[in-house]
Each structure stands twice: as structure tokens, then as C-alpha cells.
Amino acid sequence: MWRYFFRRVNLFFATTLVMMAVLFYATHQFPVDESYALSGISNPSAEQLEHISDEFKLNSNSVVQFLAYVEQRFSGNMGMSINSQQPVFEELKTVLPASFELSLVAGLIALFLGVPIGVIAALSSNKFVQWSILGLTLTGYSIPVFWLGLTLSLWFGVNLGWLPISGQINLLYQIKPITGFMLIDTLLSDSSYRIPAFVDALMHLILPAITLAVLPFTLIVRITRQAMLQVMNQTYIRAAEARGLHTFTIIIKHALPNAMIPVLKSIGIMLGTFACYGIIVEVIFSWPGVGSWLVSGIYQRDYTVIQAGILSVSLLIIFLSILIEFIHTAINPMSKKELYATN
Amino acid sequence: MPQIKIYKQDYISTPAGRVWKAFSHNPFALVGLWGVGFLLVLALLAPFIAPYGANEQNQQVLLLPPSWDPAGHVEYFLGTDDLGRDIFSRILHGVQMTFGMSLVIVSCALFFGFIIGAISGMMRGLKSSILGHLLDALLSIPSLLMAILVVAVIGPGLSNVFWAVGIAMVPQFIRTIHQAVHDELQKEYVTAARLDGANDLQILLYVIMPNVWEVLIIQVTMAISAAILDIAALGFLNLGAQAPSPEWGAMVAQGLDNLLLAPWTVTIPGVAILFSVLAVNLVGDGLRSAIAPIRK
């Protein structure tokens, strides 16, 4: 197991380095001055220029420059945002939790709705139920997310007027950021309006979270269904049935834990697409997360923001997908057998 | 008249024939296949069928509702947008951009992915691992981020959609083909062929390929649907196709200003995207369930 762990850690570092190299190369291809693209200072004075070239070793060869680039970026020097003139790192710290909040809620909705529905789709012998669940998931999988978001906001936000369609919370509420998660911050704040603020934050979260949850939901339903169909044919399920266990017990205790393994794996594969969808959803609902920050960065050609956004999002995806792969191997003895040909 | 069997032996259909038989027994898959064929025909014939040009403006009919609305007019079947352009014609022209472009991107990605994936799949050890894992880094950069990076370097335009979606897609093909070739290579019939004296190229082309192409086809259909969604999403975010273009995602973005006044300018291109992705996914799903029992 340890050998596998270190191989994964190795892979993480190698992948990160390659990603940094891609970013480093792209940074030098930006159609602006090198020092401007690296630091975000548009008209640097002579000493600032010297400072930048000292930090990023601009006078050395490209290998040294690359190492300096990696060192600067990982020590938190992301430069200044060209647009807001704030340090990019500080901005990143405020936008990342908002994105986490949205994607966590969306992921949880998808998981807690998707798994039971997948199980029902697998176990139901009713053709109508099966076809309608499959048709629904296929449609959900094919729907363009930006169009879904617009339609939902037009319908529930404008025509029916039930839910707010932009932002994280009504601007009237002054909430001091503690964790960065608006739902928790509103409860933690000591103001008199914390409960209405919490409700307001929750209302703001519903539409974007549902829009973002559609894709993982459909995938989880489909994969749970497939895995359940396979697991229910195994001999140990028949043995449990022969012992006279209740169907519910069999599903919860014997079938689901085994069916969850491929679901976990597919979640790891899905992360990249999920991040794409998250960015689009944040843009549509003006969610103050890393996605809308990044897209407004590209509209304004804010090169430091672009680098920081891409770096943080891809690092997160690399890290999470390797972590999920590791957990998948750790809890699944079958894959250990594949690795070492022994248990 | 019942068919008379002259010979005693049963006719055993080819693997492709069996896949087709299973595929055509699934009505949804056939609907999807008709849909894809319809889109292909439209992609070829769109400029001849479309009643108006993609950017032809008629100032007399701004924001005309679709023809089933009492205020609509049948000459503008799906209505017009805020510049008086016929949406029906624009959708037809858009087939080439969104659907046609996804085909081009996927075939290019397939070409390069196949070459690299086959080479790395046939090799063993460190070389294979380097080729296989080097591109994992690119795999982890979502296509949208890739597009943002490309736009930052060369500016927005339809050509960078090609690069962004293509670069994001090649590693997926490499991984699929690498894995499939690698798995087949462990099997005994390959060893048998090797003992017969086949070299690596022969093993790849004549021994392994016939058993891999099914996986490949499924991957291709999945890639096409993902490519359509990506192209449209980039067009919507103004990072891909630019404003007057009839690309469907860009059409949604252009209709956004009039969302409240004229929701059809957003709804209709969205339905077009949904329809084409659904058709491709139905075909892919049908293929998967047709191939799955044979592979067991």
C-alpha cells in the first residue's frame, strides 16, 4: 500500500510540474511585457522592474526562470490584479470558499438524490419507471448547462419570482467573512438579523446549486444503476437472500458498499467537467466564486488573475482526482490484487 | 413464403452484424441515429435550404415571435432576433459551426490520440508510463480553462475553440486507447500471434485493432457530444465564436439582452443544442448496450 501511495504522490508532483510548465510557457506567450504578465504592475518604476526581474530571475536561462516562477507562485506571490490593484492571492482567498460552497452543496444534492434513484432504477422491474429514469438522465446529461441556468432563472426567478437569481446574498446584509462559507458565516455572525440572512443566503444558493447538480446527478444515477445491476447478480447477494435477510438490509449492507466503488471512481473522472460547468454556472448566476472571477479576468485581460485562477483550479482538480483514485484503491481490495497480483 | 434452408448449417452473423442487430432492436438508438443522419445532411445542405442568409437583416421585423404565436409570421418560421435576422436560417447555418466543427475536432483529436495512445500502449515500463502520464496533466486542465489560456495568448475567435477543445480532448483518446491496447496485449491470443512471428506493427493492426475499435467508437460518440457542449459553452462565454456568428452558443449569448422581451431568441438555439447532443448520446448509449454483451 505504501508503495502505491508514494507512486501516487510522485504522480501528483510530476503532474503539477508539467502543469506549471504549460502555464509558464503560456505566460511567456501572452501578448504583453514579460514583467507585466508576471507581476501585474503596468508601468513599473526602475526599482520595481529590478525587483521583479530579481524575483523571477528574468536575466537567467529559462530553466532557472521556470524554477523561480514555481517558487514565487507557490510561496503565494501571485502578483497584483491589473484590474483591481489588489494582491491576487488575497482575492483568491475570498473567491475560493464561495466556489467550494456552491460545488459542495451541488455535489451533495447530486449524491443524496442520485444514489437512491439509481438504486430504484436498478431494482424496479417496472419498464415505465426504468425508461423514464433513463430518459430523464440522458436528457439531463445532454442539456447545455448555460441554457438550463438561463431557463431556470427566467422561470423561477423572473416569471414566478420565487428565488433570487444573482449573487451570494442580498447586499443589505453585512456579513463579516469568517470561514468564507456564506451559510456558516451568517449563522456565526452576532448580528440581530442572522436568521433572515441565513435564509436569504440559502435562497440564493438554491438555483445555482440545482443547475450545477444536474450533471453529477445524472452520471451518479447511471453509474449507480449499472453497478447495482452487476452487484445484484453476484453469488454473495444470493447467499444473503438464502439466509432470509430482508431486501432492504441486503441492499444497504451488502450491495450498496460494493456498488459505490465504481461511483467513487467516476466522480474522480468527472471532476474536470464538473469544474467547467461550475465556472459557467457561476458566470450565469453572478456567483462571486473563482469561476466568474476567472472569466471576468479574461474579459479584462487580467493576466495575473488568469494565471492564478487556472493554477488553483487545476491544482485542485489534480489533487482531488489523485486523492479519489487513492481512496478508491485503498477501500477496494480487488484493485490491490491488480496492482501486486496478491492480496 | 417461408424461407427454405437448403444447407444444414446455421448462418452465423459477423460481430459487426450482431452489434447492428442489437443496436437496431433499440428504438431509442435508432431515433438517435436518424437524428444524427439528419444533422449530417443539414450540415452539408444548410446553405441551400436556409431561406435567408445567416447575417441578413430585415429592419421591418425586429423580434418577431415564432410562427405558432398569433403575432408570428410563417415566413420567419422560428421568429427573428433583435437585428431582424431569421432565427431558422441562423440555426441551419449554425449546424455547420457547432455540429460540423465538433466532428472536425473529434477526428483530429482521434488521429493524434490514436497514434500516441497506440505507441504508448504497445510499449512497456517507463517509456509507456511517461507517455501515458505526461498528458494526465493536460487531462486535468478542463477544456474551459484551456480555452481561457488559449484566448489569453491568441485572442478570442473560432480557431482557438479548435485548439482549446482539441487539446483538452486528445489526452482522453490517448488514455482510452492506451488502456484498451494495454489490456488486450496481456491476453493469450496476442502471445499466440507473437509466437507465430508477427512483429509489433502487425500485432497492433491485425490482432489488437479488431478488438479495440468498439471501445474507440463509444469514446468517439462521447467525445462528439462533449465537443458540441464545449463549443457552445465557449460561444456563450464569448471566448469562442464571436458576435455575428450563427454558432448556437453564441446565438444564446446574443439573445441574452432580450431574454425578457423575446425568450425564443435564447430558447430555440438551446433546444437545437439539446437535440443534437441528445441524438449523439442516444447513438452512443445504444452502441454501448449493443456492444456490452458481446464483449463479455
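Residues numbered from 1 in each chain as written. Chains lettered and ligands numbered in written order. Predicted model: local features only at pLDDT ≥ 70, side-chain atom pairs only at ≥ 80, totals over all residues. Heavy atoms only, no water.

This paragraph deals with the overall build of chain A. Looking only at helices and strands, chain A has 14 helices and zero strands in total. Counted from the first residue to the last, chain A has its helices and strands arranged as α-α-α-α-α-α-α-α-α-α-α-α-α-α. If you line up chain A on its principal axes, its C-alpha atoms span 80 × 60 × 40 Å. With 343 residues in all, chain A has 48% of them scored as buried. Contacts spanning at least 24 positions in sequence make up 69% of the contacts within chain A whose residues lie at least 6 apart. Counting only carbon and sulfur atoms, one obtains 65% of the accessible surface of chain A, whose full area is about 17,200 Å². Taken as two groups, the 18 positive and 18 negative side-chain charges of chain A have centres that lie 23 Å from each other. (Helix = DSSP H or I, 4+ residues; strand = E, 2+ residues; numbered from the N terminus. Buried < 20%, exposed > 50% of the residue type's maximum accessible area, 1.4 Å probe, protein only. Contact = heavy atoms within 4.5 Å. Areas by Shrake-Rupley, 256 points an atom, 1.4 Å probe, with all protein chains shown as cover. Lys, Arg positive; Asp, Glu negative; His and termini not counted. Charge placed at Lys NZ, Arg CZ, Asp CG, Glu CD.)

Another aspect to go through is the interface of chain B and chain A. Each partner contributes to the interface: chain B provides 43 residues, whereas chain A provides 43 residues. Both faces combined, the contact of chain B with chain A buries some 3,700 Å², and carbon together with sulfur accounts for 82% of it. There are one salt bridge connecting chain B and chain A. Between Asp285 of chain B and Arg222 of chain A there is a salt bridge, with the nearest N and O atoms lying 2.6 Å from each other. For the side of chain B that touches chain A, the elements supplying multiple residues, two or more each, are helix 4 (125-134), helix 5 (136-140), helix 6 (143-154), helix 9 (200-236), helix 10 (248-255) and helix 11 (264-295) of chain B. Looking at the side of chain B that touches chain A, the element that brings in the most residues is helix 11 of chain B, giving 11 residues. When grouped by side-chain class, the residues that make up the side of chain B that touches chain A number 32 nonpolar, nine polar and two charged. (Buried area = accessible area lost by both parts, 1.4 Å probe. Salt bridge = Lys/Arg side-chain N within 4 Å of Asp/Glu carboxyl O. Nonpolar A, V, L, I, M, F, W, Y, C, P; charged D, E, K, R; others polar.)

As annotated by UniProt and renumbered to match this structure, "domain: ABC transmembrane type-1" (unreviewed entry) occupies residues 96-328 of chain A. Regarding residues 96-328 of chain A, the helix share stands at 80% and the strand share at 0%, and the terminal C-alpha atoms are separated by 26 Å. (UniProt positions renumbered as here; feature names shortened; annotations may be inferred.)

Summing up the model confidence of chain A, the mean pLDDT is 85 and the portion of residues at 70 or higher is 97%. Ranking the elements of chain A by mean pLDDT puts helix 14 (residues 333-340) of chain A last with 64 and helix 5 (residues 88-123) of chain A first with 90. (pLDDT = per-residue confidence, 0-100.)

Turning next to the UniProt feature "transmembrane region" (unreviewed entry) in chain A. Residue and element names in this part refer to chain A. Under the local residue numbering, the UniProt record ascribes the feature "transmembrane region" (unreviewed entry) to residues 9-26, 102-124, 131-156, 201-223, 263-285 and 305-327. Secondary structure content for residues 9-26 is 100% helix and 0% strand, and the end C-alpha separation is 26 Å. For the annotated span residues 201-223, helix accounts for 100% and strand for 0% of the residues, and the straight-line distance between the end C-alpha atoms is 32 Å.

All names here are of chain B. Between helix 3 (residues 87-122) and helix 7 (residues 158-185), the shortest axis-to-axis distance is 6 Å and the interhelical angle comes to 40°. Here helix 3 lies oblique to helix 7, going by the angle between them. Both helix 3 and helix 7 take part in a crossing whose hand is right-handed. Each residue belonging to the contact of helix 3 with helix 7 can be placed in one class, and the counts come to 23 nonpolar, seven polar and no charged. (Axes fitted to C-alpha atoms, helices over the stretch in contact; angles between N-to-C directions. Parallel < 35°, antiparallel > 145°, perpendicular 65-115°, else oblique. Left-handed = near helix turned anticlockwise from the far one by under 90°.)

The next subject is the side chain of Thr27 of chain A. Residue and element names in this part refer to chain A. Following the sequence through the fold, Thr27 ends up in helix 1 (residues 2-29). Judged by relative accessible area, which is 4%, Thr27 ranks as buried. Among the polar contacts listed, one links the side chain of Thr27 to the backbone oxygen of Leu23, at a separation of 2.6 Å. Excluding residues that lie within four positions of it along the chain, Thr27 makes contacts with Ala37, Leu38, Tyr69 and Gln307. (Polar contact = N/O pair within 3.5 Å; in protein donor to acceptor, adjacent residues only side chain to side chain.)

This paragraph deals with the UniProt feature "transmembrane region" (unreviewed entry) in chain B. Within the UniProt annotation, "transmembrane region" (unreviewed entry) is assigned to residues 28-50, 99-122, 215-241 and 261-283 of chain B. Annotated as residues 99-122 of chain B, this span is 100% helix and 0% strand, and its ends, taken at the C-alpha atoms, are 33 Å apart.

Let us look at a nonpolar patch on the surface. Residue and element names in this part refer to chain A. Together, Leu187, Ile195, Val199, Met203, Ile206 and Ile210 make up a nonpolar patch on the protein surface, roughly 450 Å² of accessible area in all. Of the residues forming the nonpolar patch, the biggest block, five residues, is contributed by helix 9 (residues 194-231). Mapping Val199 onto the fold places it in helix 9. According to the relative accessible area criterion, Val199 is partly exposed, its value standing at 42%. (Patch = residues over 30% accessible without salt bridge, like charges linked within 9 Å, V, L, I, M, F, W, Y side chains within 5 Å.)

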